[in-house]
Amino acid sequence: MRQRLPVTIAIVVATLLALVAVTLRLRLDPNVSSLLPDQGEAAALRRYVRGFGGGDLAVVMVKGPDPDENAKVAGEIAEELGKKGSVARAADRIDASRALDPMLAFRHADARGLERLAQALTPEGMRARLAESRAMLLAPGSGAATEAIAQDPLRLAQVVYEGADIGSGVRTQPDGAFANDDGSVHLVLAQPKGQALRGEDARQFVADAEAVLDPLRQAHPNMRLGLTGGHAIAAATEEMLTRDLQISSTVAMTLASLVFALIFRRVRALVAVMPPLLLGTVWTAGVATLFPGGLSGIAVAFMSVVVGVGVDTGVHVYAALLEARRAGLGPKEAAREARAKTARSVLLAATTAAAAFGALALSSIRAMQQLGVLCAVGELLTAIAIVVVTPEVGALLERKPPPPPAPVRWTDGVAWLTGTRARAAVLAAVALLPLVAVALGAAPSLSESIIAVRPKKLAPLQVQQEVFDAFGGKRGQWVVLVADKSLDSARARADRIAEALGGMKEDVEAVDALTALAPADETQAARFGAREKLDMPAKAAELEKALAETGFAPARFSAVLEGMRAPSRQTVALDDLKQGAASILLARYLGEEGGEQLVALYVRPREVPGATGRVEAAVARVDPAAMLTGYTRLEGTLRDSLARDLPKTAGVAGVLVVIALAASLRRVRDVVIAALVVAGEIAAVLLLVRVFGIPLHAYDALVLPVLLGITVDEGMFLLQRAREAEGDVIRETLRAEGPPVAATALTTAAGFGALALCDFDGLKDLGLVGAIGSTTGLVVALILVPAGLRLLGGVGPRAPEGAA
């Protein structure tokens, strides 16, 4: 009793500390950057996500059949959102006025814009444009054009803005509204306060936004009001992960218990196994609170996996307890015997599985590192808890001698399948056939990983797609990221890239950059220099002559002419932009991360052969330090990451399995059989993944080497039992060890299978691959171990000890 007291105190203290930590510190991390590799373009995307607070501006979509009603509701939403404490500003339109000193239009003109301005200021160009201006004034309803033409008779601002190669933000209508051409969809842009990746900030903004939208949804049932943007995506992701964690862990516990009870046929054993299993899970959750950024979207799988894999230890320990009681040992003696008999083997198996999970720490994806560490720790902690606690609880439950084990008929059927060398050879060939198929190229190819990063069921992403559809946009946008200690320098570099890409019309569909709104001082100075080379005083004299020749009174344009003779060099500054409605767009282009200023511009290459390569080359030529990234560019990066990570994790897991087999089995024949079991299982899993159409990507593919460690148990325990069996070795081995092995494999499959209920696509695929792997490993072990023993000899009828 005195020996147990320190252990009991240690368990209680560890559990209380873990519960406190989980209650106060455990949080889910909606940051998509944890799902990205830490190298290459994915690392740049992580910088972008962090520097820009987790996403773009918040967007409210107002969609309905009546354009006027849409515009009115959008205005109401903008007004009400602007009053919320979590919103810095909101707008449904910007000032669309192009009334600007024509000489200042030069500061917004890119290279091709300067060429068009130069052409408009030739004698021929002036007369042609003045003729068009006169025609516009004589047309019916020309009142709106009168004032604009009085300030800019050549309509130079129009030359710049309407022919610009570089856009800025969301497309607007002539009245400045963020709407599509038929008015069926209006948008409201909002700049939330705080960081999208800070859960409290994201949740507060979404709560405020929904408080505005819900009454309007009820008042306008014929309209669809949707919310998207970084804050909405982050809040929805966190909510989804919370739901996935709760449902998957609960279902895993339930399924594992049912499988355990059905196969083990001793329901009271659950009372002995589940408490230490819960202890191990709680302790592991306590470890999860140590991750500074929170628990990532893939790592939440740890709870289901720990539950499913952890039951394995309980199966073997309790089976040994029952066996000892049936042999006549008292409850306490049986508990000691069960612990002594199983501790080494189950802890070795747990260590092997933990090491296989630990191999995921070699991944370049932080989420997979977290998953590997937590599953490894959970496997060990749960195994220790079960070895310590289960025999003691079992001794209390099994004070009366247990009944003889119920006959298990299915194991006799399995034994019959390999009852002769011929049948054993045929079954072994069938079980190993997947190895040949995979060697010949039947393995599945890698699939799209983006669905695992950005779940397609997430409501804000569905709204985002609707916005794309309404405005003619589409996925495929790249982010060009410029980082610099100086914001002015970063802006100037970004301007040069934007100008270069804007001139590549055959390869580039759209460029969206801050320079369209507020070019850098360096850029504006260069454009004013280009204006001065045109000799504007001389152009003023030519314009005065052209006005007279085309029927205008030059005296009415004296201010314009004086402006040309002494053109202004007034620059537009960021502070100027912050004063108007267009300031809301700044959050799209400017960020800060790691002590550096970030400037982002967005480019969408055309879907023509060679366009992507030419765009990449252009960016590298203009600014070799600029970073190209974006979700649509992740596929190549994720494939490269998997190509690096998979050999590392598979190699480490493979070496660990071989070491574990050698340490446990110590016979070349048994090690070869167990190794073939694992190899055949992995090959069969690859074929089944292809047959069932499960996407194999950078997240679930890394489960394959882990399966080496967590499914090697089946073959090991069968081979160890075969050494102790008497009489018909194969039949007795399967009778004694078949049910526990089936229970361990199927409870592991139940833990993984529970993840199939997750909304997060990456978790779902991971769970399906793990469940298929565990089940397949059981089937292959039940075939290859008896077949191998039959074919490799040493399994003839063995006389009981002491027989003559």
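Residues numbered from 1 in each chain as written. Predicted model: local features only at pLDDT ≥ 70, side-chain atom pairs only at ≥ 80, totals over all residues. Heavy atoms only, no water.

**Q** How should I be thinking about the overall build of the protein in this particular structure?
**A** Broken down by element type, the protein carries 29 helices and nine strands. In terms of overall dimensions, the protein is more spread out than a globule: its C-alpha atoms have a radius of gyration of 35 Å, far above the 28 Å expected for 804 residues. Considered along the principal axes of its C-alpha atoms, the protein spans approximately 130 × 50 × 45 Å. Scored against the burial criterion, the 804 residues of the protein give a buried share of 54%. For the protein, contacts bridging at least 24 residues in sequence account for 82% of all contacts bridging at least 6. Total accessible area on the protein is roughly 33,000 Å²; 60% of this is exposed by carbon and sulfur atoms. Side chains of the protein carry 83 positive and 84 negative charges; the gap between the two charge centres is 8 Å. (Helix = DSSP H or I, 4+ residues; strand = E, 2+ residues; numbered from the N terminus. Rg over C-alpha atoms; globule rule 2.2 N^0.38 Å. Buried < 20%, exposed > 50% of the residue type's maximum accessible area, 1.4 Å probe, protein only. Contact = heavy atoms within 4.5 Å. Areas by Shrake-Rupley, 256 points an atom, 1.4 Å probe, with all protein chains shown as cover. Lys, Arg positive; Asp, Glu negative; His and termini not counted. Charge placed at Lys NZ, Arg CZ, Asp CG, Glu CD.)

**Q** Help me understand the pattern of salt bridges, please; the structure alone is not making it clear to me.
**A** Side chains carrying opposite charge are able to pair once their charged atoms draw close together. Here the structure, examined in full by the defined rule, presents 38 salt bridges. For Glu-210, the salt bridge goes to Arg-217, with nearest N and O atoms at 2.8 Å. Given the relative accessible area of 23%, Glu-210 is considered partly exposed. On the accessibility criterion, Arg-217 (27% relative accessible area) is partly exposed. Glu-732 serves as the salt-bridge partner of Arg-735, at 3.4 Å between the closest nitrogen and oxygen. With Arg-735 and Glu-732 both in helix 28 (residues 729–753) and three residues apart, the pair spans about one turn of that helix. Residue Glu-732 is classed as partly exposed on the basis of its relative accessible area, which comes to 30%. Bridged by salt links that share partners, the residues Glu-323, Lys-341, Arg-721, Glu-724 and Glu-737 form one connected network. (Salt bridge = Lys/Arg side-chain N within 4 Å of Asp/Glu carboxyl O.)

**Q** Sorry if this is basic, but what is going on with unusual backbone geometry here?
**A** When glycine is set aside, most residues are seen to have a negative phi, and most peptide bonds are trans. Located in the positive-phi region is Arg-155, a residue other than glycine, with phi close to 50°. Summarising the element assignment, Arg-155 is placed in the loop between helix 6 (143–151) and helix 7 (156–162). In the Ramachandran plot, Asp-535 falls in the positive-phi region, its phi being about 60° despite a non-glycine side chain. As for its position among the elements, Asp-535 is in the loop between helix 19 (521–532) and helix 20 (536–549).

**Q** Is there a simple way to think about the sheet that holds strand 1 (residues 58–63) in this case?
**A** Within a beta sheet, neighbouring strands are joined by backbone hydrogen bonds and run either parallel or antiparallel to one another. Read from one edge of the open sheet, four strands run 2-3-1-4, paired in antiparallel fashion. Looking along the sheet, the strands with just one partner apiece sit at the ends: strand 2 (87–91) and strand 4 (224–228). For this sheet, the mean angle separating the axes of adjacent strands, direction not counted, is 20°. With five bridges connecting them, strand 1 and strand 4 associate as antiparallel partners. What sits directly across from Val-62, in strand 4, is Leu-225. Across the sheet, helix 17 (residues 459–470) lies against strand 1, strand 3 (185–192) and strand 4, angled at about 110° from strand 4, the strand it touches most. (Pairing = 2+ DSSP bridges. Axes fitted to C-alpha atoms, helices over the stretch in contact; angles between N-to-C directions.)

**Q** Looking at this structure, I do not really get the environment of Gly-680. What am I missing?
**A** Turning to its location among the elements, Gly-680 is positioned in helix 25 (residues 668–692). Remark: the alpha-carbon pair of Gly-680 and Pro-740, spanning 60 residues in sequence, is separated by 21 Å. Excluding residues that lie within four positions of it along the chain, Gly-680 makes contacts with Ala-431, Leu-435 and Val-780.

**Q** Quick question: what am I supposed to make of the nonpolar core here?
**A** The nonpolar side chains of soluble globular proteins are, as a tendency, buried together. In terms of nonpolar packing, the biggest core is built from 138 residues, with Tyr-48, Leu-295, Phe-302 and Leu-371 touching the most fellow members. At 13 residues, helix 29 (residues 761–792) tops the list of elements feeding residues into this core. If we skip the residues at most four places from it in the chain, Tyr-48 touches Val-479, Leu-481, Ala-600 and Tyr-602. Judged by nonpolar contacts, the second largest core, of 26 residues, contains Phe-260, Leu-270, Leu-322 and Ala-743. (Core = buried A, V, L, I, M, F, W, Y, C linked by side-chain atoms within 4.5 Å.)

**Q** Even after reading the chapter, I still don't get the environment of Val-259, so can you show me in this structure?
**A** Assignment of secondary structure puts Val-259 in helix 9 (residues 230–264). Looking at Val-259, the relative accessible area reads 18%, which means it is buried. Once the C-alpha coordinates of Val-259 and Thr-744 are considered, the two residues, 485 residues apart in sequence, prove to be 9.0 Å apart. Excluding its chain neighbours within four sequence positions, the residues that come into contact with Val-259 are Phe-264, Ala-743, Leu-746 and Thr-747.

**Q** What is the right way to look at a nonpolar patch on the surface in this model?
**A** On the surface, a nonpolar cluster with roughly 380 Å² of combined accessible area is contributed by Leu-5, Ile-9, Val-13 and Leu-17. Relative accessible area serves as the criterion here: at 57%, Leu-17 is assigned to the exposed category. (Patch = residues over 30% accessible without salt bridge, like charges linked within 9 Å, V, L, I, M, F, W, Y side chains within 5 Å.)

**Q** Would you mind going over the pairing of strand 8 (residues 596–605) with me for this structure?
**A** On any regular strand, side chains alternate: one points to one face of the sheet, the next to the other face. Counting buried positions along strand 8 gives nine out of ten residues, so the element sits mostly inside the fold. Two elements, strand 5 (residues 478–484) and strand 8, share seven bridges in a ladder whose sense is antiparallel. Bridging from a neighbouring strand, Val-482 pairs with Val-599 of strand 8. Of the strand pairs in this sheet, strand 7 (residues 590–593) and strand 8 are connected by four bridges, and their pairing is antiparallel. Looking across to strand 8, one finds that Glu-593 is bridged to Glu-596. Hairpin remark: strand 7 followed by strand 8, antiparallel, with two residues in the connecting loop; positive phi at Gly-594, about 60°.

**Q** Where do I start with the side chain of Ser-257 in this structure?
**A** Inspection of the secondary structure assignment puts Ser-257 in helix 9. Using a relative accessible area of 16% as the deciding quantity, one classes Ser-257 as buried. Looking at Ser-257, its side chain comes within polar contact range of the main-chain oxygen of Met-253, at 2.7 Å. Once residues lying within four places of it in the same chain are set aside, the contact partners of Ser-257 are Leu-270 and Met-274. (Polar contact = N/O pair within 3.5 Å; in protein donor to acceptor, adjacent residues only side chain to side chain.)

**Q** Quick question: what am I supposed to make of the confidence of the model for the protein here?
**A** Low pLDDT means the predicted atomic positions in that stretch should not be read closely. Residue-level pLDDT values for the protein average 84, and 93% of them are 70 or greater. Residue range residues 796–804 is modelled with pLDDT below 50. Its contacts to residues more than four positions away, or to other chains, number twelve contacts. (pLDDT = per-residue confidence, 0-100.)

**Q** Explanation requested: the packing of helix 9 against helix 28 in the structure shown.
**A** Packed helix pairs are specified by the crossing angle of their axes together with the interaxial distance, meaning the distance between the axes. For the pair helix 9 and helix 28, the least separation of the axes is 8 Å and the interaxial angle reads 165°. Taken together, the axes of helix 9 and helix 28 are roughly antiparallel relative to one another. In this structure, the crossing between helix 9 and helix 28 has a hand that is right-handed. For the pair helix 9 and helix 28, contact is made by Ala-252, Leu-255, Ala-256, Val-259, Phe-260 and Ile-263 and by Pro-739, Ala-742, Ala-743, Leu-746, Thr-747, Ala-750 and Gly-751, respectively. The residue makeup of the contact of helix 9 with helix 28, split by class, is eleven nonpolar, two polar and no charged. (Parallel < 35°, antiparallel > 145°, perpendicular 65-115°, else oblique. Left-handed = near helix turned anticlockwise from the far one by under 90°. Nonpolar A, V, L, I, M, F, W, Y, C, P; charged D, E, K, R; others polar.)

**Q** I would appreciate a short explanation of helix 25 in the present structure.
**A** Given 3.6 residues to a turn, an α-helix orients residues that are three or four positions apart in the same direction. Taking 1.5 Å of rise per residue, 25 residues should cover 36 Å, and helix 25 covers 36 Å from first to last C-alpha, within 8% of that figure. Backbone geometry just after helix 25 places Gly-693 at a positive phi near 70°. (Expected span 1.5 Å × (residues − 1).)

**Q** I keep staring at the packing of helix 15 (residues 421–439) against helix 25 and nothing clicks. Help me out?
**A** Viewed as axis vectors pointing N to C, helix 15 and helix 25 meet at an angle of 60°, and their least axial separation amounts to 8 Å. With respect to their mutual orientation, helix 15 and helix 25 come out oblique. When the axes of helix 15 and helix 25 are compared, the crossing they make is left-handed. Residues Ala-431, Leu-432, Pro-434, Leu-435, Ala-437 and Val-438 of helix 15 pack against Leu-676, Ala-679, Gly-680, Ala-683, Ala-684, Leu-686 and Leu-687 of helix 25. Here the residues of the contact of helix 15 with helix 25 are counted per class, giving twelve nonpolar, one polar and no charged.

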